[in-house]
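# Fold and geometry: a report
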Amino acid sequence: MGYIIGKNIVRKEAFNKVTGTAKYTDDFITTGIYHAELLISPYAHAKIINIDIFEAVSSTGVKTIITGSDINVLCGPLLDDMPPLAKEKVRYHGEPVAMVVADCEQNAKAAVAKINVQYQPLQVVNSVLNALKENTVIIHENLQQYKKNVPDVYPEANSNICSHVKIRKGDQQKGWQDSEIIVESSFTLPQSDHAAMETRTAQCEILPNGRVIISSSTQAPFSVKEQINKTFQVPIGVIDVNVFFVGGGFGGKVPVQLEILAYIASKAVDGHAVKIVNNREKDMITSPGKIGLEANMKIGAKKNGKIMAAEMHFNVDCGGYAEIGPRIAKAIAVDCAGPYNIENISCDVLCVYTNHPVATSFRGFGHTSQAFCIERMLDKLAAALNIDPLEIRMINALVEGNYSPTQVKITLSNTGNFGECLNKLKTLINWDEGQRIEENNNLVRAKGIGCFIKTSDSPTNAISGVLLTFNSDGSINLNCGVVEIGPGMKTTAAQILAEKMKMDIGRIHVKMEVDTQTSPVHWKTVASMTTYMVGRAVLSAAEDLIRQLLNAAATVFKCAPEDLEVADEKVFLKTDLQTYLTLKDIVHGYQYQNGNSVVGQIMGRGSFIMNQLTFLDKETGLGKAGPYWTVGAQAVEIEFDTQQHTYRILKAATVVDAGKVLNPKTVKGVLMGGMCMGLGLGTSESFIYDTEGIVQNTSFRTYKMMRYGENPDYLIDFVETPQIDAPYGSRGLAEHGIIGIPAALANAISVAAHVDIINLPITPEQIWRLKAGVQV
Amino acid sequence: MLAFSEKSIVKLNVNGENVTVMINPSYTLLHVLREELGLTGTKPGCENGDCGACTVLVDGWPIKSCLMLAAEAIGHQIVTVEGLKNAPIQKSFVENWGFQCGYCTSGFLMVCHALKNIHPDANDFVIEQWLQSNLCRCTGYGEIKNAVKAVLENRI
């Protein structure tokens, strides 16, 4: 090891991205393409009485207008509960109601304005609390009739519950009996948006020979194929999904929504190419965002700080449709204890329909919300017992030999060393100077800690693959189904290949685009699983290449393949390094001096499938959800003004057990980006609804994200406990920077202001209300 | 004063070249750059002036091209990311890991490039005032800060 692993490698597409030449889905300007424009619901919950398209249909340039009554399908990744265009009723503000297909964007928009929809407003379920009340309004009357696409989703009849995940570990009764102190609290966290800078977009054309050609800004091109196949019974082999660069995903580009609408639109105009592009407002509410969460937590502990029992109720606000919500509920359950060893756990996670915009995967996949609750609980417990917050985490830190909430045995390889992360964090954030320091001018400097543990909740049979071909100069083409959404995973794949082949990464050419007809299947570019999954496939493909190269050279040298070795684009005789063949002379076949040729073209195939994963037991959660965990400890340092209740963020710190840091600058980049996004959630990001469930902040003018200069100084350190089955020991960590940060911020502010923060985002107004005891 | 009421042929100066385009009076500069001239390095992000992804230079000043009509650009020098041509800021963004997905990058490059030309001695406060116009969702802005400072301090 060490040929190229651990070095700063500039991403392959870097110069294309600083010259404007890197192409994203909507950058292919095509004349003659039709535009589809959506009419969206102005109500959060209403019956559709009538849709009058008479005037719109004769508007200039209009090709067709489609409404929910024209389409007789339901879709969804887990539960088929969602019509592509609302049918009979709307369930959230922003839901698509009608779609105009016209010759250009302007004409499509003009026609949309001419559609007249009559609604009858229904009572709005504006919170999870309301959704779970007895005799509440039922959002999906036919919940039990929906087709399940996976076995482990559990809708409950006559309720707004679309799934329920349970963890029952240990002996609850004993745990509470052994507890000498009990801490209880509830938490409410809002929905928010991914706000990737590129809004979601899709194009579809159906060719006369039946091929369905889709281009999309998706993280999951192979899911697009599956959804179109499943929803419209189009043979999966004729569907071709093309993905170029994607302008940020963060989980928001996993759902298949605009692709389905683009297919419907194209089908309605005899297969003509149609494109649909979200404007920012629709991207925020019509397409899915991040879950909201309400939680009730109870923790019992010994006076020495050791946690004996936990009872947790998490209610996930998934909005009007299930989307991937039940999986997020599962993810919260799987890691409900955080990076701590809790022997006795009872945890119930409900995935709950409301009349809010639909939620989907978002960086951290529910863990940021879950971590907020458990990390606030740890600080409350520490305060109640007068134990240092860092120390109480150390006392309860998960170690080798413990069992996870779903009763998987923890090893150093499958989890890493959380205690060591805490140790390093202590130094990094200068914890020993004190958690709360009073300074001049009413200022207080304070620190808070938030930690994380995360595994993936992928299908138990998720796969990845790699194809390698040679150019005649001996350089390699690398083809995989991973989408380049930002974290540089294509370059990581090349780096892993360069290390294995012991060759210059500049001689590895990565296919940036994904074309599902020619790229090997990669489950989805999600869950911080790319390096692990595609990395394993790269190694397997490289081994395939090396085996063939050795055999080819053995034929030429008339020796055994074991006597040879591949490096620097040569195959050497181990005993005589001066005797070698250069790859370029054998990769497309070896030609003897007399013209005879042997071997033929050498190509590498690599494959990976998740192994040993299981479904979780419905009643106890027993089972293995993901292949490994990544753990880490984070902290935020703030400067709080005790008079104004305002604060500045001075520092944000992360120590993560990376297993092995492959590309330091890239890894630090994704961690800093995660921390920044976490500070956004902590300080300002949330959907604000009025009393009728209408989202009030659907633009970047009113939905506030972190801007340049509001960011703190970032501190990053690593622990490197190798993950034995991962490429060069490296764990996934692309999401993880975000997870503990809102909790760390809340812990810092709680200490600085002497308040109990249980909601996000933390505005000066919220702090003032808590201090002054003023209710909203 | 210029007055248009329907589609008209106008001359624009983009990246140092005079180009002739057919525009509607309602076309934004962003639309014309992308759809009519194929200069897709300039990105739509919000089309509301909030994110800065569409920033171009107009007579050397950073302007959000979603908020400017193409007709207003007549007689002015427009520079897009395609017109930067090996500006130090481009190299600096690469060397400092100033981007990930790359979608906001063109806009940031244009703001930074103009800042260097207009305020070569910009201090942290001025840099912040200028760069707050743009949003990046991937980085934590730390790398962008390093990139712009490297250029201002002539380290690239």
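Here goes a summary of the coordinates provided. (Residues numbered from 1 in each chain as written. Chains lettered and ligands numbered in written order. Predicted model: local features only at pLDDT ≥ 70, side-chain atom pairs only at ≥ 80, totals over all residues. Heavy atoms only, no water.)

### What to know about the overall build of chain A
The test is simple: For helices the rule is a DSSP run of H or I covering at least 4 residues; for strands it is a run of E covering at least 2, with both sets numbered from the N terminus onward. Residue exposure (1.4 Å probe, protein chains only): buried if accessible area is under 20% of the type maximum, exposed if over 50%, otherwise partly exposed. The contact definition used throughout considers only heavy atoms, calling two residues in contact when any of these lie within 4.5 Å. Working definition of accessibility: Shrake-Rupley area with a 1.4 Å probe, residue cover restricted to the visible protein chains. A residue counts as positive if it is Lys or Arg and as negative if it is Asp or Glu; His and the chain ends are not included. Where a charge lies is defined by one atom per residue type, namely NZ (Lys), CZ (Arg), CG (Asp) and CD (Glu).
Helix and strand counts for chain A stand at 18 helices and 30 strands. Overall, the C-alpha framework of chain A stretches about 95 × 75 × 50 Å when taken along its three principal axes. Taking all 776 residues of chain A together, 65% fall into the buried category. Within chain A, contacts between residues at least 6 apart in sequence are counted, and of these 78% link residues at least 24 apart. Surface summary for chain A: the accessible area is close to 27,200 Å², and the carbon and sulfur share equals 49%. Of the side chains in chain A, 72 bear a positive and 80 a negative charge, and the two mean positions are spaced by 2 Å.

### Some points on the environment of Val482(A)
By the element assignment, Val482(A) lies in the loop between strand E19 (476-480) and helix H14 (489-501). Accessibility expressed as a relative area gives 1% for Val482(A), which makes it buried.

### As for the nonpolar core
How we decide: To define a nonpolar core, start from buried Ala, Val, Leu, Ile, Met, Phe, Trp, Tyr and Cys residues and group those joined through side-chain atoms within 4.5 Å.
With 178 residues, the main nonpolar core has Phe314(A), Ile638(A), Phe93(B) and Leu131(B) as its most contacted residues. The residues touching Leu131(B), leaving out its near neighbours within four places in the chain, are Tyr708(A), Phe108(B), Val111(B), Cys112(B), Leu115(B), Ile144(B) and Val148(B). The next biggest cluster of nonpolar side chains, apart from the first, holds 99 residues, and it includes Val243(A), Ile264(A), Tyr532(A) and Ala541(A).

### Quick notes on the interface of chain A and chain B
Here is the rule we go by: Buried surface area refers to the total accessible area, computed with a probe of radius 1.4 Å, that the two partners give up upon joining, counted for both partners together. For salt bridges, the criterion is a side-chain nitrogen of Lys or Arg within 4 Å of an Asp or Glu carboxyl oxygen. Each residue is assigned to one of three groups, with Ala, Val, Leu, Ile, Met, Phe, Trp, Tyr, Cys and Pro labelled nonpolar, Asp, Glu, Lys and Arg labelled charged, and all others, Gly among them, labelled polar.
In this complex, chain A contributes 54 residues to the contact, which on the side of chain B involves 47 residues. Taken as a group, Met197(A), Arg707(A) and Tyr708(A) account for 23% of the area that chain A buries against chain B, more than any other trio of residues on that side. Inspection of the region where chain A meets chain B yields four salt bridges. Among the ionic pairs, Glu685(A) bridges to Arg137(B), the shortest N-O distance being 2.7 Å. Taken together, the elements giving at least two residues each to the side of chain A that touches chain B come down to helix H1 (14-17) and helix H16 (664-683) of chain A. Of the residues forming the side of chain A that touches chain B, the biggest block, eight residues, is contributed by H16(A). The residue makeup of the side of chain A that touches chain B, split by class, is 24 nonpolar, 16 polar and 14 charged.

### Some details on the packing of helix H6 (residues 221-232) of chain A against helix H7 (residues 258-268) of chain A
Axes are the key here: two packed helices are described by the angle between their axes and the distance separating the axes. Residue and element names in this part refer to chain A. Where we set the bar: Simply put, an axis is a line fit to the C-alpha atoms, just over the touching stretch for a helix, and the angle between two N-to-C directions goes from 0 to 180 degrees. Each angle is binned into one of four classes, with values under 35 degrees roughly parallel, values over 145 roughly antiparallel, values of 65 to 115 roughly perpendicular, and all other values oblique. Each crossing gets its hand from how the near helix is turned against the far one by less than a right angle, where anticlockwise is left-handed and clockwise is right-handed.
Axis separation between H6 and H7 bottoms out at 10 Å; the angle between their running directions is 50°. Between H6 and H7, the angle falls in the class oblique. Helix-helix and strand crossings are classified by hand; for H6 and H7 the assignment is right-handed. On H7, the residues that touch Val224, Gln227, Ile228, Thr231 and Phe232 of H6 are Glu259, Ile260, Tyr263 and Ile264.

### Digging into the sheet that holds strand E10 (residues 212-216) of chain A
All names here are of chain A. Heads up, the rule is: Note on pairing: DSSP must find at least two bridges between two strands before they are called paired.
Pairing within the open sheet is mixed, and its eight strands lie in the order E3-E5-E1-E12-E9-E10-E11-E21. Single-partner strands in this sheet number two, and they are strand E3 (62-67) and strand E21 (514-515). In terms of strand pairing, strand E9 (residues 201-206) meets strand E12 (residues 274-277) through four bridges, oriented antiparallel. Across the sheet, the residue bridging to Ala202 is Ile276, located in E12. On top of the sheet, helix H3 (residues 105-112) reaches strand E1 (34-40), E3 and strand E5 (96-102); it is set at about 25° to E1, its chief contact.

### Some points on empty space enclosed by the protein
All names here are of chain A. The criterion, for reference: In this analysis a 1.4 Å probe is tested at points of a 1 Å grid over the protein atoms alone, and where it fits but cannot get out there is a cavity; an open set with protein on both sides within 12 Å along at least five of seven lines is a pocket; lining residues have an atom within 4 Å of a point. Grid points are joined across faces, edges and corners, and a volume is the space filled by probe spheres set on the points.
Taken as a whole, this structure holds 13 cavities of 30 Å³ or more when the rule is applied. Of the voids in this model, the largest cavity is the one considered here, and its volume is about 190 Å³. Taken together, 19 residues line the largest cavity, and the ones lying closest to its centre are Cys75, Met82, Val256, Gln257 and Glu323. Looking at the lining of the largest cavity residue by residue, the class counts come to 14 nonpolar, three polar and two charged. Approximately 120 Å³ is the volume found for the second largest cavity. For the lining of the second largest cavity, the element with the most residues is strand E7 (residues 161-169), which contributes four residues.

### So, unusual backbone geometry
A cis amide bond, omega -10°, links Leu760(A) with the succeeding residue Pro761(A). Here Pro761(A) is to be found in the loop between helix H17 (741-753) and helix H18 (764-772). One non-glycine residue, Asn430(A), adopts positive backbone phi at about 55°. Of note, Asn430(A) is situated in the loop between helix H13 (418-428) and strand E16 (436-438). Of the residues examined, Asn430(A) reaches a relative accessible area of 40% and is grouped as partly exposed. Unusually for a residue other than glycine, Asp59(B) sits at a positive phi of about 50°. Relative to the helices and strands, Asp59(B) is located in the loop between strand E3 (55-58) and strand E4 (61-64).

### Observations regarding the pattern of salt bridges
All names here are of chain A. Going through the model one piece at a time under the given rule, you end up with 47 salt bridges over all chains. Measuring nitrogen to oxygen at the nearest pair gives 3.7 Å for the salt bridge that ties Arg11 to Glu484. Of this pair, Arg11 sits in the segment before H1 while Glu484 is found in the loop between E19 and H14, placing the two residues 473 residues apart along the sequence. A single burial state applies to Arg11 and to Glu484, both of which are buried. Between Lys500 and Glu543 there is a salt bridge; the shortest N-O distance is 3.5 Å. With Lys500 in helix H14 and Glu543 in helix H15 (residues 530-557), this pair connects stretches of sequence that are 43 residues apart. Overlapping salt bridges, with partners in common, bring together Glu433, Glu439, Arg445, Lys447, Glu637 and Lys651 in one network.

### A closer look at the environment of Val81(B)
All names here are of chain B. Within the secondary structure layout, Val81 lies in the loop between strand E5 (77-79) and helix H2 (88-95). A relative accessible area of 2% means that Val81 is categorised as buried. C-alpha of Val81 to C-alpha of Ala122: the two residues are 41 residues apart in sequence and 22 Å apart in space.

### As for a nonpolar patch on the surface
Residue and element names in this part refer to chain A. Convention followed: Like charges within 9 Å and nonpolar side chains (Val, Leu, Ile, Met, Phe, Trp, Tyr) within 5 Å are joined into patches, using only residues over 30% in relative accessible area that form no salt bridge.
Taken together, the side chains of Ile463, Val521 and Ile609 present a nonpolar region at the surface, about 220 Å² in accessible area. If you trace the backbone, Ile609 turns up in strand E27 (residues 603-609). Judged by relative accessible area, which is 45%, Ile609 ranks as partly exposed.

### Here's the deal with the packing of aromatic side chains
Working definition: an aromatic ring pair is given by the centre-to-centre distance plus the angle between the planes. Keep this limit in mind: Ring geometry is summarised as follows: Phe, Tyr and Trp rings, the Trp one being its six-membered ring, pair when their centres sit within 6.5 Å, and such pairs are stacked at plane angles under 30 degrees, edge-to-face over 60 and tilted between the two.
This structure, assessed with the given rule, holds 16 aromatic pairs over all chains. Aromatic side chains Tyr532(A) and Phe608(A) sit 5.2 Å apart centroid to centroid with 75° between the ring planes, which places their arrangement in the edge-to-face category. Pair noted here: Tyr532(A) is in helix H15 and Phe608(A) is in strand E27, with a separation of 76 residues, a long-range link. Here Tyr532(A) matches Phe608(A) in class, with each residue buried. An angle of 55° between the planes, with centres 6.4 Å apart, marks the rings of Phe108(B) and Tyr141(B) as tilted. You can see Phe108(B) sitting in helix H3 (residues 105-118) and its partner Tyr141(B) sitting in the loop between helix H4 (124-131) and helix H5 (142-152), a full 33 residues away along the chain.

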